[in-house]
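Examination of the molecular architecture
The chain contents come next:
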Amino acid sequence: MAFPSQEFQDLDHQPFHFGSNAVGCISCTTFNILAPIYKRLNNKRRESEFRELWFHRNQRILDRLLHLKSSIICLQEFWVGNEELVDIYEKQLGDAGYVTYKLARTNNRGDGLLTAVNKNQFRVLNSREFLFHDISDRVALLLHVELFDCFSQNQSVDKKKEALIVNTHLIFPHDSSYCFLRSQQVYMILQYIQSYFDEHQLPSVPIILCGDWNGSKKGHVYKFLRSQGFVSTYDIAHSYMDIDSDSDKWISHRNHRGNVCGVDFIWLLNPKKHQKPLKESFMEALLGNITNLLRKASTGSVDPLHFFKMDGNYITYPQFCQALAKLHLCGSSHNGLSNEDIKDLWEYLDTDRSGVIDLLQYTTARSLHRSLLKEYDEKNGEKLEEIFHSSTSTLTMIGFKVKNATFFPPEVGKGIWPEYYSLSDHAHLTVEFSLVEMNRNEEFLFHSM
C-alpha cells in the first residue's frame, strides 16, 4: 500500500511497524444493522412483522460480529423495543466476553444504539447518555474506558491508558435544510464531550467517534469534524485525502431511494491534537450550509446575494433575518436555525461590532468569512487552540495509530454496492489501531489531507 508523502507522516498517518513504542492493538467495528421496524419488504410491509425473517438476519449479523472479535462494537438502528432481540444480542455478546450498553432514542422510536466492549481488554469507568431532544429524537452513547495493563510492555512506565468511545446516528438529510440540524447534532456531541472532560477534570485522552453520520466527505459535518482535529480512519488507512477526486472512492450505504454514498465513519482524535475553538468551527459549518442554499436558490447569473435587501452596501440584522427566513431557515422551521444560532452567526460576522455587515467587502475581499468560499486548510498557519484539557504533567499517555481499515462487503471500498449483500443497507467498517505511548511534551499535529 502506498502511504502519503512526508507531510502526512505524523502519529496517525505513519505506516505501522511494531517497535519499542507499540504497546498493543485494538479493533473497532461500527455497523448500522437496519432495524426490522425500518426494513421494507417487497410487499411494502416491514420485516418486524415476520419473526423468522428478522431473527435469521440478526443471527447472521451476530455471527459476523462474533467472527470479527473486535475489541469495540458500535451498532446503530438496534431494535431496543424488542426484548427478544435485545436478549439475543446481550446473551451472545456476553458469552463472548463483551459488556454491553444500549440507549433507546427518545419518544419511543423503537430503535437506538448498542455499544459493546471486550471485558478482557477494557474496564468501563463510566458511561454517559446524551439526549438531543430534537425532532429526530437522536441520541449518543459515551463510554469512558481504561485499557488493561496487558497492553503495556513496560509496567514500570506510568501511562494514562484511558479513552472515550462515542456511538451515534445522525438524522437522515431529507432535504438540504436538514444539513443544519446535522451540524447542530455534531456540535451538541462535541459540547457533551467537552462537558464530560470538564466535569471529570480529565487530561487529554484519545476519542473515537463511531456511527452513521448520514453525510459524506463532501458535506459540512465532515469538514466540521476535520476542523476539530478528527480524522476519518478509513481514509487514513487508504491514504485518501480531503480532495474532490478522493471524495467518492468508497461507499457504505444504499438508502431507501436507491442512492449509494459513504456515510459510516470511525473518527479519531488523539491527545494533544490542537484545533479551532469549537464554536468557531460550528459557525463555519452553518455558514457553509447557508452559502450552499444561496447558490441553489439563485438561478442563472443572478447573484446569490440578491436574497439580502441591502442599505447601499450594507446589511442590517433585520435584513439578515429576513434573508434567512426566505431560505426557510428560521421562524417555524424545525430543521433550521434557532434564534440563538442566528444571533451567534450575526455576532460572528459583525467583526467590528458596527451593527452592519459590508456585503460588497464580502464579495470582493472574501472577508465575510473565508469558509464560505474555500475549504479550511490547516497548512495556512493559523494559530490553533485546544478545546480539551491539557496538563503540565509529563505522564505518558496512550494514543492510537491507524493500522488497517476494511469494509464488509469489500466491494463498497471500490464504490460498488453488491447485490448479493443482505445483512443490512449499510456495510460495516472495522478499524485496527496500534497503541502508541505519547508524552505530554510531544505534539502530533494533523496536516491537511
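Residue numbers run consecutively from 1 along every chain, following the written order of its sequence. For this predicted model, a pLDDT threshold of at least 70 governs which residues receive local features, and a threshold of 80 or more governs which side-chain atom pairs are given and counted, while totals over whole chains, interfaces and linings are taken from all residues. The side-chain numbers reported here are obtained from all heavy atoms of the structure, hydrogens and water having been left aside.

1. Comments concerning the overall build of the protein chain
Test applied: Only DSSP runs of H or I covering at least 4 residues are called helices, and only runs of E covering at least 2 are called strands; the numbering of each starts at the N terminus. Three exposure classes are used, based on accessible area relative to the maximum for each residue type with a 1.4 Å probe and protein chains only: buried under 20%, partly exposed in between, and exposed over 50%. Should any heavy atoms of two residues lie within 4.5 Å, those residues are counted as being in contact. With residues, only the protein chains shown are counted as cover, and all accessible areas are computed by Shrake-Rupley using a 1.4 Å probe.
Of regular secondary structure, the protein chain possesses nine helices and 17 strands. Residues counted as buried form 55% of the 449 residues belonging to the protein chain. For the protein chain, long-range pairs separated by at least 24 residues make up 74% of all intrachain contacts whose partners lie at least 6 apart in sequence. By element, 48% of the accessible surface of the protein chain is carried by carbon and sulfur atoms, the whole surface being about 19,500 Å².

2. As for the sheet that holds strand E9 (residues 207-212)
In plain terms, the rule: Only strands that DSSP links by at least two bridges are regarded as paired with each other. Note on geometry: axes are C-alpha line fits, over the in-contact stretch for helices, and angles between N-to-C directions span 0 to 180 degrees.
Across the sheet, which stays open at both edges, the six strands sit in the order E5-E6-E8-E9-E13-E10 with mixed pairing between neighbours. Both outer strands of the open sheet, strand E5 (122-131) and strand E10 (231-232), are each paired with one neighbouring strand and no more. Docked against the sheet, helix H3 (residues 178-200) engages E5, strand E6 (139-147), strand E8 (162-169) and E9, running at close to 130 degrees with respect to E5. Running over the sheet, helix H4 (residues 220-227) touches E9, E10 and strand E13 (264-269) and is turned about 15 degrees from E13.

3. Side note on the confidence of the model for the protein chain
The criterion, for reference: The predictor attaches a confidence to each residue, and that confidence, scored 0 to 100, is pLDDT.
With 75% of its residues at a pLDDT of 70 or more, the protein chain has an overall mean of 80. A low-confidence stretch, residues 1-22 stays under pLDDT 50, and its non-local contacts, those more than four residues away or across chains, total 56 contacts. In this model residues 361-394 is a low-confidence stretch, pLDDT under 50, and it forms 69 contacts with partners more than four residues away in sequence or in other chains.

4. Section: unusual backbone geometry
With an omega of 5 degrees, the peptide bond between Phe408 and Pro409 qualifies as cis. Of note, Pro409 is situated in the loop between strand E16 (396-408) and strand E17 (428-439). Here the phi dihedral of Leu34 falls at roughly 60 degrees; this positive angle occurs in a residue that is not glycine. Structurally, Leu34 is set in the loop between strand E1 (22-32) and helix H1 (51-68). Residue class for Leu34 comes out buried when judged on its relative accessible area of 9%.

5. Section: the packing of H1 against helix H2 (residues 83-95)
Stated formally: Orientation is classified from the angle alone, with under 35 degrees giving roughly parallel, over 145 giving roughly antiparallel, 65 to 115 giving roughly perpendicular, and any other angle giving oblique. By the definition used in this description, the sense in which the near helix is turned from the far one sets the handedness, with an anticlockwise turn below a right angle giving left-handed and a clockwise turn giving right-handed.
One way to put it is that H1 packs onto H2 with a least axis distance of 11 Å and a crossing angle of 20 degrees. Considering the angle they form, H1 stands roughly parallel to H2. Relative to H2, the crossing made by H1 is right-handed. Contacts between H1 and H2 involve Arg51, Trp54, Phe55, Asn58, Gln59, Ile61, Leu62 and Leu66 from the former and Glu84, Leu85, Ile88, Tyr89, Gln92 and Leu93 from the latter.

6. Points about H2
Rules: Any helix carries an expected span of 1.5 Å times its number of residues minus one. We call two N or O atoms a polar contact when they sit within 3.5 Å, provided that within protein one can donate a hydrogen and the other can accept it, with sequence-adjacent residues counted only if both atoms are side-chain atoms.
Taking 1.5 Å of rise per residue, 13 residues should cover 18 Å, and H2 covers 18 Å from first to last C-alpha, within 8% of that figure. Of the surrounding elements, those touching the buried residues of H2 are H1, strand E2 (72-78), strand E3 (98-104) and strand E4 (112-118). The residue sitting at the N-terminus of H2 and contributing the capping side-chain oxygen is Asn82; that oxygen lies 3.1 Å from the backbone nitrogen of Glu84. Backbone geometry just after H2 places Gly97 at a positive phi near 100 degrees.

7. Looking at the pattern of salt bridges
As a reminder of what qualifies: The working definition used for a salt bridge is a side-chain nitrogen of Lys or Arg within 4 Å of a carboxyl oxygen of Asp or Glu.
For the coordinates displayed, the defined rule picks out 15 salt bridges. Residue Arg51 is joined to Glu84 by a salt bridge in which the shortest nitrogen-to-oxygen separation is 2.4 Å. Here Arg51 is found in helix H1, whereas its partner Glu84 is found in helix H2, with 33 residues between them in sequence. Classification of Arg51 by relative accessible area gives partly exposed; the value is 44%. When its relative accessible area of 32% is taken as the criterion, Glu84 is described as partly exposed.

8. So, the packing of H3 against H4
Rules: For this classification, Asp, Glu, Lys and Arg are treated as charged, while Ala, Val, Leu, Ile, Met, Phe, Trp, Tyr, Cys and Pro are nonpolar and the rest, including Gly, are polar.
H4 packs onto H3 with a crossing angle of 25 degrees between their chain directions and a minimal axis gap of 9 Å. One finds that H3 runs roughly parallel with respect to H4. Judged by the sense of rotation from one axis to the other, the crossing of H3 with H4 is right-handed. Of the residues in H4, those in contact with Arg182, Ser183, Val186, Tyr187 and Leu190 of H3 are Val221, Phe224 and Leu225. Taken together, the residues that form the contact of H3 with H4 break down as six nonpolar, one polar and one charged.

9. Some details on the packing of aromatic side chains
To keep things clear, this is the line we draw: Ring pairs are drawn from Phe, Tyr and Trp, using the six-membered ring of Trp, whenever the two centres fall within 6.5 Å, and their geometry is named by plane angle: stacked under 30 degrees, edge-to-face over 60, tilted for the rest. In this scheme, Lys NZ or Arg CZ marks a charge over a ring once it lies within 6 Å of the ring centre and within 35 degrees of the ring normal.
In the structure shown here, the tally under the stated rule is 20 aromatic pairs. Taken together, a centroid distance of 5.3 Å and an interplanar angle of 85 degrees make the contact between Trp54 and Trp79 edge-to-face. Of this pair, Trp54 sits in helix H1 while Trp79 sits in the loop between E2 and H2, and the two are 25 residues apart along the sequence. By the burial criterion, Trp54 is buried, and Trp79 matches it. Taken together, Tyr222, Tyr234, Tyr240, Trp250, Phe265, Trp267 and Phe407 form an aromatic cluster joined through their ring pairs. Arg51 extends its terminal NZ or CZ atom over the ring of Trp54, reaching a point 6.0 Å from the ring centre. Lying across the ring of Phe55, Arg51 places its NZ or CZ 4.6 Å from the centre.

10. Brief notes about H1
In an α-helix there are 3.6 residues to a turn, and that puts residues three or four apart on one side. Here H1 contains 18 residues, and its C-alpha end-to-end distance of 26 Å stays within 8% of the 26 Å for a straight helix at 1.5 Å per residue. Three or more residues of H1 are buried, namely Trp54, Arg57, Asn58, Gln59, Ile61, Leu62 and Leu65.

11. With respect to the environment of Arg128
Along the polypeptide, Arg128 turns up in strand E5. Here the alpha-carbon distance between Arg128 and Leu142, two residues 14 residues apart in the chain, equals 5.0 Å. With near-sequence residues (within four places) excluded, Arg128 lies in contact with Ala140, Leu141, Leu142, Tyr196, Glu199 and His200. For Arg128, the side chain forms a polar contact with the side chain of Glu199, separated by 3.1 Å.

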